[in-house]
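One letter stands for each residue in the lines below.
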Amino acid sequence: MRVLLASSEVHPFSKTGGLADMSAGLAKALGRAGHQVRVVTPLYRGILQRFPEIRREDWRFDLPLGAGRIQAGLYSIQLRDNLVVSFVEQAFFYDRNGYYMDHNADYPDNDARFIFFSKCVAHLARYLPAAPEIVHVHDWQAALVPALISHEKRAGWGRGERPPATCLTIHNLAYQGMFPGTSFGLTDLPREYFTPDRLEFFGLLNCLKAGIVFADAITTVSPRYAREILTEEYGCSLDGILRKRAARLRGILNGADDEDWNPGTDAYLERHFTASRPAGKTANKLALQREMGLAQENGIPLFATISRLAGQKGMDIQLAALEEMLNANMQFVLLGAGENAFEHGYRALSARFPGKAAIRFGYNEALAHRIEAGCDFYIMPSRFEPSGLNQMYSLRYGAIPIVRATGGLDDSVVDLTEDGRRANGIKFYDYSPRPLAKAIRKALALYECPGLLAQYRRNAMKADFSWNRTIREYLEVYETAKNAASRP
Ligand code: ADP
């Protein structure tokens, strides 16, 4: 199948979160399975310097954007015969310090930046020499594409080619790309598209809604999250329109890249280890304790979190639960970046528990790998979690996840009460500090039972989140989308 995949982040070129890992993982897996894949993403600052093998292509965009026209170039890198990553080069829009924001404030022209990006994707879908059969777009930054393609189809696609089917993946419904109604003019779509059953959301332009309404297929990143977003509690005000499109919606749990995240080969680690030879984990734990300035003792259970510091991630209940639990014999490591209030909270926590809570702010890929390898327990108390990747990396690295049972966390972790033989983590249900503290207490008890802990570790490290399983499901969705698109 020929697939054009559009995402505003692609690992290792750009990344703020799971979207980057997922789009790269999916593209690689499709490529390995023999499909023709082109990924499109913006050319952000620094990418050309870090990847000098990226080449300029003989391709110019010159597209309308509201009252004006914008020109852009295209750069590409061939990762394998059938896998290309292309970058839209528009210096004014993308050559900036951040991807979406600077100094904690969104760029005021994010509407123009990503509507333009979506137009470039739709343009490629129409004019690439090898026309794609599927255009698979990710999150609000590319969600306008299905509306643009649908409109062009209605106007006659031309070239005698079959127009592509479209698929939207929602990685996080909380981010919808909402802008003032006046931004709708930038889409250059006819006025009749700006109605409540299409792109309008109470007078605002809602980019994600455009994808939900017009995509031939919609996916989200875990089965449980697919059910959750149909409810008022998790639907972020789009549950109504999602319920209308529920027949097109499917939840597919993200895969986890087994080349980047493999404790048997990971270049960042002190010592390699595997499910059958787990002993090396201890050396990583001692190295992590040293690196973080904690007492180097294997006997003390080490808990960790790597996260965006945001309300979604449950940082408020985590701070409160740790306040209570850090009096016990345990250590805690945090790597995170995000909201100031949470940074203050963790700074205060580490000041109150010196030598027990070690905190690093900022984004650090290498340290993230060393933390997964070194910690005994990984805490992820999200308020909601569409898929979540860190709990999967934790399982693979033999760190027992302690998670709130929501979204992809519920789908990927098995609690003792669900299946004693397959248990690989600890779940709690109510969103509040008490149940989390209780789950941490269970972890402390588990640490005292080496036989049981070893069994949990074995189960964890054997859990299969390979992309091969995941792409089979995406290929089914692509077929369904193609059938839906070919119906008049
Ligand atoms: P989300 O996409 O909501 O942030 P996920 O768990 O799906 O959450 O993905 C987060 C990804 O970002 C993981 O690969 C995780 O290791 C990484 N990550 C998050 N914060 C940091 C950080 N401060 N330093 C390094 N990696 C981080």
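Criteria and thresholds
- Residues numbered from 1 in each chain as written.
- Predicted model: local features only at pLDDT ≥ 70, side-chain atom pairs only at ≥ 80, totals over all residues.
- Heavy atoms only, no water.
- Near = heavy atom within 4 Å.
- Polar contact = N/O pair within 3.5 Å; in protein donor to acceptor, adjacent residues only side chain to side chain.
- Areas by Shrake-Rupley, 256 points an atom, 1.4 Å probe, with all protein chains shown as cover.
- Helix = DSSP H or I, 4+ residues; strand = E, 2+ residues; numbered from the N terminus.
- Nonpolar A, V, L, I, M, F, W, Y, C, P; charged D, E, K, R; others polar.
- Expected span 1.5 Å × (residues − 1).
- Buried < 20%, exposed > 50% of the residue type's maximum accessible area, 1.4 Å probe, protein only.
- Phe/Tyr/Trp six-rings, centres within 6.5 Å; stacked < 30°, edge-to-face > 60°.

Focus on the site of the ligand
Moving on, step 1. Neighbouring the ligand are 19 residues; G18, D21, R308, K313 and G362 lie closest to it.
Moving on, step 2. Between K313 and the ligand, the recorded distance is 2.8 Å, taken from a side-chain N or O atom to an oxygen atom.
Moving on, step 3. Interatomic distance of 2.9 Å between a backbone N/O atom of G362 and a nitrogen atom of the ligand.
Moving on, step 4. Coverage of the ligand by the protein amounts to 92% of the 560 Å² it exposes when considered alone.
Moving on, step 5. Residue assignment for the shell around the ligand shows that the elements contributing at least two residues are helix 1 (18-32), strand 15 (302-309), strand 16 (331-338) and helix 14 (390-396).
Moving on, step 6. When the residues that make up the shell around the ligand are grouped by side-chain class, the tally is 7 nonpolar, 8 polar and 4 charged.

So, helix 4 (residues 110-127)
Moving on, step 1. With 18 residues, helix 4 extends 25 Å from end C-alpha to end C-alpha; this agrees with the ideal 26 Å at 1.5 Å per step.
Moving on, step 2. Among the 18 residues of helix 4, 16 are classified as buried, and the element is accordingly described as predominantly covered.

Describing the packing of aromatic side chains
Moving on, step 1. Counted according to the given criterion, the structure contains 23 aromatic pairs.
Moving on, step 2. Taking the centre distance of 5.4 Å and the plane angle of 75° together, the rings of F114 and W140 count as edge-to-face. Within this pair, whereas F114 is found in helix 4, its partner W140 is found in helix 5 (residues 139-142), the two being separated by 26 residues in sequence. In this structure, F114 and W140 share a single accessibility class: buried.
Moving on, step 3. Both rings, one in Y474 and one in Y478, keep their centres 6.5 Å apart while their planes meet at 50°; by these two values the pair is tilted. In this pair, Y474 and Y478 are both assigned in helix 18 (residues 467-486), 4 residues apart and thus about one turn of the helix distant.

Some details on unusual backbone geometry
Moving on, step 1. With omega at 5°, the peptide bond leading from H11 into P12 counts as cis.
Moving on, step 2. Within the fold, P12 resides in the loop between strand 1 (2-6) and helix 1.
Moving on, step 3. Phi at F202 is positive, roughly 50°, even though this residue is not glycine.
Moving on, step 4. Turning to its location among the elements, F202 is positioned in the loop between strand 11 (200-201) and strand 12 (204-206).
Moving on, step 5. Under the relative-accessibility criterion, F202 is labelled exposed at 77%.
Moving on, step 6. A positive phi is found at C236, a non-glycine position, where the angle reads about 45°.
Moving on, step 7. Within the fold, C236 resides in the loop between helix 8 (223-228) and helix 9 (239-244).
Moving on, step 8. You can call C236 partly exposed: its relative accessible area is 31%.

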